[in-house]
Structure formats: C-alpha cells, structure tokens
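Take a look at the letters that make up each chain.
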Amino acid sequence: MRSVNPAAPVVLVLSLMALGWMASGQAPAPIRFVYHPIDFTLDSSEMPERHAPETMAGGVALFDYNNDGSLDIFFTNGADIRTLKKDSPKYSDRLFENDGHGNFRDVTEKAGLAGIGFDNGVAVGDYDNDGHEDLFVGGVHGNRLYHNNGDGTFTDVTAKAGLNQPDPQYGPLWSVGGAWLDVNNDGRLDLFVVNYLAWDGRNEPVCEAGPGRRDYCHPKFYKPTPNQLYLNNGDGTFRDVSAESGIRSHPGKGMGVGIADFDLDGLVDIFVTNDKVYNSLFHNKGNGKFEQIAFEAGVALTENGQFISGMGVDFRDLDNDGYPDIAFVALDNETFPIFRNLGKGRFTDVTESSGMARLSAPMAGYSPTIADFDNDGWKDLFVTRGHVQSLAYAPRVQVEQPNTVFRNLGGLKFQPLTAEAGLTAQAPRRHRGSAVGDLNHDGRLDVVTTAISAPAEVWINDSPGANHWMELALEGTKSNRDGIGARIKLIAGGSTQYTHVSFAAGYASSSAGPIHFGLGRSQAAESIEIRWPSGVVQELKDVHADQVIKVTERM
Amino acid sequence: MNSALVLVAFAAPLWAAVNPQAAVEANTALALAQQGKYEQAIPHYRAALKLDPHLPGIQLNLGLAYFKLNRFADAASWLERAAKADPASFQAQVLLGMSYYGCRRFAEAAASLKRASVNQPANTELRFRLAQSYLWSKQYDSAKDEFKILLAANPDSAPVHILLGEVLDAANQEEQATAEFEAAVKVSPTEPEAHFGLGYLYWKQKRYEDARKEFQAEVANQPQHSQALAYLADAEMHSDLASNAEEHLRQALKLDPKIRLAHLDLGILLADRNGSEAAAHLREAIRIDPSKPDAHYRLGRLWLSMGRQAEADAEFAQVKQLAEQQQPEPLVAVPGRHADGPQ
C-alpha cells in the first residue's frame, strides 16, 4: 500500500506563486491549479519499434468506489507490448482511495483491480443499479467488466456478462474506452465501446520519421474497426446489438465518445471522434436503432473538410442555450474544434469565430473536459496536451506539452490559461487522459491527468474568488441509478444554465462525480429542473449554494 | 529585369577582327544594339559568329541582345558559352545568372550570381537577386544569410525586409517572418505587397482581425489587388464582419475570376439565401482546384440543405476519397517491413 502526503509541495508552490504575483504586480488568473503528486506512473511498455498502443494508453476515472462521499481515482495501465500481459507490478492498473481531504491511498490489491492485459480506457457506471459504481476497462485485444461488490472489492464479470467475445469479422479489437448510457430508457445502463483501429503486433507496419528512426505510424496504415453497443439484459448479462442497431455498419478509428441528447427528443445520442477519419454522430431513432448523421448534422469534419486526428471529446452545453455542443481536440495545426448546436439537428463549426482555432493551432491535445472551473456560471474547457509521436520526434514538433485550461468568457469566446493557471508547475509531458471532480470538497473542480512514461498529475483547483457553487448527486429510481442522460436546467441570479449527466468525457476517461454548477455571485439557485431519462420531470426551488444536494428521482 | 545590374551592354570597342567581314557584321550589330534595335542586331551577330567564332565578346553581346528581348533561354545558351570562354567575366556571370533567373532556373541563377558577387561584394542589387535566387530555389539558409547582409547595409529597405520575411516563412520561422513584414510596413507603409504579406502571415496564424487591417491597407495602396480583396473578405468572414465580405469578394472576382478562395467564400456566404448561386461558386472553386476537400464538403452540405441527397452523397464521397489520398508526411511507411511485435 502506498500513500502520499501532498501538504508540503502544495505550500511551497503557493508561496512561490504569491511571490510571483507580488513581483509582477499582476492579478492572479481566474483559474489556478496547484500540482499534487500521486504515486502512479503510466507504463505503456515503450519500445524502439514503436508499437501503436504504447502511445495511446492512459485512461483515468474519478468515482466514489466505496460510497464514502469522496472521489477516488482509478488509472488504467499498459502491459508488456509483446505479450499484452501484465507480467510486472509496474503495469498494474491502480485504484487510489481518497481520505476526503485529497490524500490518496493505493487500494488496488484489496479491490482486485490490478488487471491482466494492456488496458487503455475506463468507463464508470452502475450497470446493475445496486448503488455501487462498476468499471468497464477497455484494452488492446481484451476488455474487462468489474462488478463493484460494495465491500471495497470488485469481481471480474467479463465472461459472465458476455463481453469477452472476439469479433467474428475483425477478431480481437482494441478498445480505447467506452460510455455507459441508457439507449432505450429502460432504466438499465447499456454499454457503448469505442474501438480504435485494427492492430496486429505480429504484422504491424514500420514507419520512419527519417532513415532508421522509427516512429508511430499514421492511422491510415491500419484498417478501421467498428464500435460496439451492448444492451443490458438486466440480469448481469449483455447482448451485442452492434449490428442490429446500425452502429456496426460505420467502422472508424474511434478515439473519443461523448453522449448527449443533442436534439432533445428524449433519447441519448452518441458522438465518436475518429483519428484521421470523419467523426460519427449516431442519432438514436428509438427502438434500438441508430443512424449515422455526422455529415447531415455538420459534425463530420471541420469547415475546411479535412480529416483530422480526432482525439478525446466532450459533448455538453457550452453556451447555456440548452443544446449540447461538441468540443474535441486534435494535433497541432488541426485546432481544437467546437461545434455549436443550433437546434433542429444541426451544428455549426465555431472553431474560428470562437477564437479557439487561433488559440489551439500550435497545440496537440488528447483529453478535453467541459466544466466550470471558476464557478462563474460558464463552463470552461480543460485540455490535456501532448503529441502522439515519440520523444525522438521532438525536433519536428513539440511532443511534450503542458496542459491548458480555456476559460469560457461567455458567448463562446475563450481565454487560454497555461502558465497563468499554474499548469507549468510540472514539466511538459505527453499527457493523455483526464478526469474532473471535486477531490477535496472545497466546491472547486480538480483534475487528474496521465502522461506516457510519466507520473500522473493531480491538479487541485486553487482558483481565487468567492464564486458560489452547487453539486447534484442524482439517484435514479425508475431511470438508471446514476441518472445518466438526465438533463438539468438551473436558474441562479437570473441566469440559466444547462447540463446533463454523462460520465464519459475526454480521452479514455470517466468523470463520475456529482453534477457541478458554478453560481457566480448567487447564493442560491432559484430553480433546478431535472428531466430524468424516464420522462419524470422534477423541480427544486430556492436551493442554497455551496453544497452537494442528493436528488432521488420521484417515483 | 532591365535593372542597372545588366547595363553592361554593348560597351565593347568596335571590333577589328581577323576576318574583316566578321568585323563589319559585328560592328553593324553593335550599332543596332546601341540604338535598341535588338531584333535587327541579332542576325548580324550571328553572321559575325559564323565568320569568326572566336571574335572576342561576341557571344556576350549576342546573349545580351536576347536578354534585352526577354528571350532568356536563348540568352542563357550564348551566355553559357561566353562565361565558359571567360570565366572571370563579371558581366557574363551576372547576365547568365539573370537569364537563368528569367528562365526560373533559380539554383543555376544563384550559382552564377554567387560567382559574380565575388567581384562586387558591395553590389546591393546583385546580392538582392542572389538572395532571391536562393529563396526561390529553396536554399533558405543561404537566402537568409544574403538577406541579412543586405539588411545590415540597407536597414530601411522594405523590399529586403519583405523578401527576408518570405525566406523565413518558407523556412517555417513564422514568428521571425512576421517581424520582417512588420518592419517592412513600418519603414514603408506604401510599399506594394508589404501589407498583403503581413496580412497573409496573420491570416495563416488565424489572427483574422489583424489580418483584416493589413489587407485593408494593401487595398488602400493598391485598389486593384484582387488577392488582397479576396483575403480581406475571408478575414472579414472570420471576424464576424461578413456583411462587408460579399462586396469585396465580388470585386476580387471581377478583377480575377480564377481566385478559388473568393469562389469558395462566396459559396459559403450565399448558401443560406441563394443556393443556386452558392452552388455555382462552389463548383467553380472545385473546378479551379478539385484536390481541395473544403469546397466539396461545403457543396455537399449545401445540397443536403436543398434536399438533394444524391448530389450531397457524391460530394461527401469525394471528400472521403481526397482525405484518403492525403499523404501522412513526414512519416513514411517502409514497404514490406513489419515490426517485431507480440506473438
């Protein structure tokens, strides 16, 4: 068992920052983070041959595994790339328990979550509605479903659940993660699995950045694979409905998944970013059927019609108009696209007009998460940054990069904060996954990030200001217990905000904490309306700020 | 091309050749050339050469006559012989370099001009052409060195700043390139292309508001600058000033109907209110350069909005095909090789 005490480094960093502000006479940035170490290093078995999975590892989840009210951290980890087996403790997936103050203790062994294969992404969801969050772990040629037993342990139920079957056409798939969602509103969480590309370590192309200098190959050298949809039978088993739902007929090179009811028809839809292939928007038509409408909706490509390296994604209302927008990230010179939802099933590319194109053009991103980090009522965008290529590629591009938070100034305009937000307190890395949640119960959202062959980073939100906040911990009764898919409208100080419950955000990661709202100067929310997936509409009035409210779905 | 550099013309003394008839032809040619009658001079030069191939300076003067007529390939052919006959001839090297330049044989131009510059290291115009030759032949390091030498001697020369900016831009040193264009604009706000070049760099950096101001300044200097008008409109569209853009796009296309960007942007602008005209512009953008996916994508989306699914699908298919053809430079797959991976 390992534990860390972050107190000393936090104090040191804060002191240095204070000196810096005094010296420069500048006001502190409205969003600030303080680095907090944690004893986990992502090991993806990097080798000179440059096998593709090595550079794609790094999922992370924040979730309350033991229902003590604090968010714990789960990291996926790699394996020996030649065998895809975790033959050393250094490859262990890891679960860290939060003591409620942001101190973490390694409980992997007791929990039984070390894993056995090359794991990539993670999705949190209480698939059996027993009140304990379960874990889906997607990996290279092998996925795992861990049932939370409610006593601090998990059981690998992959085979029992029916999630261990190789694809009859494509063989073993490489999953970079997934999302839990209730596609048919039957109150049970179904599972969408995002698959990357067809990788066969025995027959992998060799690519060179220069004579004799191997590097990771462009995705075009690999074949696409289909995503998968598993319907929850309600008895601990799942049925693969990928083909009959229409999902399977749209293979891609999936990297990220966002879920939202983009057309507000009461059925949750699925957006998938693809690497150097056009994106997919699976519109839920009901009756278990989906249609791929990315071109029709205007989200297949950015406005210049180029295929870009679509990485992680978040699908959430950025401009508080009630319609979920799409923000995803890509590599340098490809920008971090933002598609604004216009309603009526159409989106418009606002990457340029929002200023994001210019701000993000020099950056390479992996994991974007939309959340309100300064509690001002506008959701911001936190992006883990780092290039896909190896360190040896560095002279050509900036392979290691710091993370950046794009502060939403309202009206879909953004201010990038990197050093200003304290995010250069650590050296630039090849950052990958990220998960967001309030780790220390101070009402400010913290972030946990991973990086290839580097320690994970816990970024404790230390933003100045006295903005108020509120968190809603939903408990579905008729709907799925996590309330995934519930749409929430909150009015505070005359301003209206919208969001919905989804744990899928960023790259290969899951943020499963309560739903967070920043309230600005308002000390209460005048109204909170929750539209559950079941159709139940519930309203709360005059709710005081600065607390976590548990809301159980009205029967 | 008729710069001071090449005013070496026809300065040879009247010939007194071994072959008297050759001398007559040569002197007749020289007299005609000195009157600017190059077309008439050339047959006499050639006749003289036929009678006496070793007549000194005759190849140089014949080459010069062709050069004056902008017949650079012919000029180069004779000047190569002149330079070979007298490798130390400054005039032959300069003229040959300039002829290569005229033929767009920039690497050879650079080599000749470099040889000439040894004799006249302080000749600004020579160095300027040499630097340009390096630039267009993509010898960026040498170009940079030459422009820096030029800049040290001529710190207020807007053209030097502009060309150094181009070199730096070509070498992907965007920030320094921008600084050079900014310097050009500062020393000479009316210098042709200075604002356009700076605007283009801002545009590439997606600094549309800054770009818009520069394109506007270029248009103020050169109202007929069709590219500046097109880019001005594009920057306006990206700066939420689309209401101004349509007029600028139409002006640009009136001046030059082949500007792809203007057709593309007009197609985008008109999509919501005049589908058929928008489609016509997008089609024209595709006709001008069918390899760019953006116009196909826009046209596909336009067809969709007009309920023309089959045509939309055809455009989207084009987009997919073009994207598949994108080359993943600089990474290269090694044919027939596979990694030693998991067993």
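K.L.:
Where do I start with the overall build of chain B in this structure?
P.N.:
Each helix and strand in chain B was counted, giving 18 helices and one strand. Counting only residues that meet the buried cut, chain B has 49% of its 343 residues in that class. Within chain B, counting contacts between residues at least 6 apart in sequence, those at least 24 apart form 41% of the total.

K.L.:
Any chance you could explain the overall build of chain A here in plain terms?
P.N.:
What chain A contains, in helices and strands, is six helices and 38 strands. With respect to the principal axes defined by its C-alpha atoms, chain A has extents near 60 × 60 × 50 Å. When each of the 555 residues of chain A is scored for burial, the buried share is 61%.

K.L.:
Honestly, the sheet that holds strand 4 (residues 94-98) of chain A in this entry has me stumped. Any pointers?
P.N.:
To summarise the sheet geometry, strands pair through backbone hydrogen bonds and adopt either a parallel or an antiparallel arrangement. All names here are of chain A. Pairing within the open sheet is mixed, and its five strands lie in the order 5-4-3-2-34. At either margin of the open sheet sits one strand with a lone partner, and together these are strand 5 (104-106) and strand 34 (510-511). The pairing of strand 2 (residues 60-63) with strand 3 (residues 72-75) spans four bridges and is classified as antiparallel. When the bridges of strand 3 are listed, F63 appears paired with D72.

K.L.:
Please clarify how the sheet that holds strand 37 (residues 537-544) of chain A should be interpreted in this entry.
P.N.:
All names here are of chain A. Reading across the sheet, the four strands line up as 33-32-36-37 and stay open at both edges, with antiparallel pairing between neighbours. Two strands in the sheet have a free side with no partner beyond their single neighbour: strand 33 (495-500) and strand 37. Neighbouring strand axes in the sheet, compared pairwise and without regard to direction, differ in orientation by 15° on average. As defined by bridge partners, strand 36 (residues 524-531) adjoins strand 37 across seven bridges and the pair is classed as antiparallel. Residue pairing across strands places A524 opposite H544, the latter belonging to strand 37.

K.L.:
Help me understand unusual backbone geometry, please; the structure alone is not making it clear to me.
P.N.:
Where the residue is not glycine, phi is negative for most of them; where a peptide bond is considered, it is trans in most cases. In the Ramachandran plot, N67 of chain A falls in the positive-phi region, its phi being about 55° despite a non-glycine side chain. By the secondary structure assignment, N67 of chain A is in the loop between strand 2 and strand 3. Given 11 C-beta atoms within a 10 Å radius, N67 of chain A is considered exposed. You will see that E193 of chain B, though not glycine, has its phi angle at about 80°, which is positive. Of note, E193 of chain B is situated in the loop between helix 10 (174-187) and helix 11 (194-204).

K.L.:
Mind showing me how you'd approach the packing of helix 1 (residues 20-34) of chain B against helix 2 (residues 38-51) of chain B here?
P.N.:
Helix packing for two helices is described by the angle between their axes and how far apart those axes are. Residues and elements named next belong to chain B. Running from N to C, helix 1 and helix 2 cross one another at 160°; their axes reach a closest spacing of 8 Å. Taken as axis vectors, helix 1 and helix 2 run roughly antiparallel relative to one another. Crossing of helix 1 over helix 2 shows left-handed handedness. Contacts between helix 1 and helix 2 involve Q21, A22, E25, A26, T28, A29, L32 and A33 on the former and, on the latter, Y38, Q40, A41, H44, Y45, A47, A48 and L51.

K.L.:
I'm lost on the confidence of the model for chain B in this one. Help?
P.N.:
Interpretation of the predicted coordinates at a detailed level should be avoided for regions scoring low in pLDDT. Residue and element names in this part refer to chain B. The pLDDT averaged across chain B works out to 87; a share of 90% of its residues lies at or above 70. The low-confidence segment residues 1-11 (pLDDT under 50) makes 23 contacts with residues lying over four places distant or belonging to another chain. In the predicted assembly, ipTM is 0.81 and pTM is 0.82.

K.L.:
What exactly am I supposed to notice about helix 7 (residues 124-136) of chain B here?
P.N.:
Residues lying three or four places apart along an α-helix face the same way, a consequence of the helix completing one turn every 3.6 residues. Residues and elements named next belong to chain B. Here helix 7 spans 18 Å end to end across 13 residues, near enough to the 18 Å set by a 1.5 Å rise per residue. Most of helix 7 is tucked away: ten of the 13 residues are buried. All buried positions along helix 7 are accounted for by L126, R127, F128, R129, L130, A131, Q132, S133, Y134 and L135. Those residues of helix 7 that are buried lie in contact with helix 5 (90-102), helix 6 (106-119), helix 8 (140-153) and helix 9 (158-170). Backbone geometry just after helix 7 places K138 at a positive phi near 65°.

K.L.:
I would appreciate a short explanation of the pairing of strand 8 (residues 144-148) of chain A in the present structure.
P.N.:
Side-chain positions along a regular strand alternate between the two faces of the sheet. Residues and elements named next belong to chain A. Most of strand 8 sits inside the fold, with five of its five residues counted as buried. The alternating pattern of strand 8 places R144, Y146 and N148 on one face and L145 and H147 on the opposite face, and all of these are buried. Across three bridges, the pairing between strand 7 (residues 134-139) and strand 8 is antiparallel. Residue pairing for strand 8: L135 is matched across the bridge by Y146. Between strand 7 and the antiparallel strand that follows it, strand 8, lie four residues; H141 among them carries a positive phi value of about 60°. Looking at chain direction, strand 8 and strand 9 (residues 154-156) are connected through three bridges and run antiparallel. If you follow Y146 over to strand 9, its bridge partner there is D156. Taking the residues between adjacent antiparallel strands as the criterion, strand 8 and strand 9 are bridged by five residues, where G150 takes a positive phi near 85°.

K.L.:
Please clarify how the pairing of strand 2 of chain A should be interpreted in this entry.
P.N.:
Residue and element names in this part refer to chain A. With burial as the criterion, each face of strand 2 is covered, one bearing V60 and L62 and the other bearing A61 and F63. Here strand 2 runs beside strand 34; their pairing, made up of two bridges, is parallel. Bridging from a neighbouring strand, L62 pairs with S511 of strand 34.

K.L.:
Is there a simple way to explain the environment of R260 of chain B in this structure?
P.N.:
All names here are of chain B. Mapped onto the secondary structure, R260 falls in helix 15 (residues 260-270). Accessibility expressed as a C-beta count within 10 Å gives 17 for R260, which makes it partly exposed. Once residues within four sequence positions are removed from consideration, R260 is found in contact with A285, I288 and D289.

K.L.:
What exactly am I supposed to notice about the confidence of the model for chain A here?
P.N.:
Across chain A, the average pLDDT comes to 93, with 95% of residues at 70 or higher. Note on residues 1-25 of chain A: pLDDT is under 50 here. Beyond four places in sequence and across chains, it has 28 contacts.

K.L.:
Sorry, what's going on with helix 1 of chain B here?
P.N.:
The first and last C-alpha atoms of helix 1 of chain B sit 21 Å apart over 15 residues, in line with the 21 Å expected at 1.5 Å per residue. Two residues or fewer after helix 1 of chain B comes G36 of chain B, characterised by a positive phi angle close to 85°.

Rules used in this analysis
Residues numbered from 1 in each chain as written. Chains lettered and ligands numbered in written order. Predicted model: local features only at pLDDT ≥ 70, side-chain atom pairs only at ≥ 80, totals over all residues. Helix = DSSP H or I, 4+ residues; strand = E, 2+ residues; numbered from the N terminus. Buried ≥ 20, exposed ≤ 12 C-beta atoms within 10 Å, placed from the backbone. Contact = placed C-beta atoms within 7 Å. Pairing = 2+ DSSP bridges. Axes fitted to C-alpha atoms, helices over the stretch in contact; angles between N-to-C directions. Parallel < 35°, antiparallel > 145°, perpendicular 65-115°, else oblique. Left-handed = near helix turned anticlockwise from the far one by under 90°. pLDDT = per-residue confidence, 0-100. Expected span 1.5 Å × (residues − 1).

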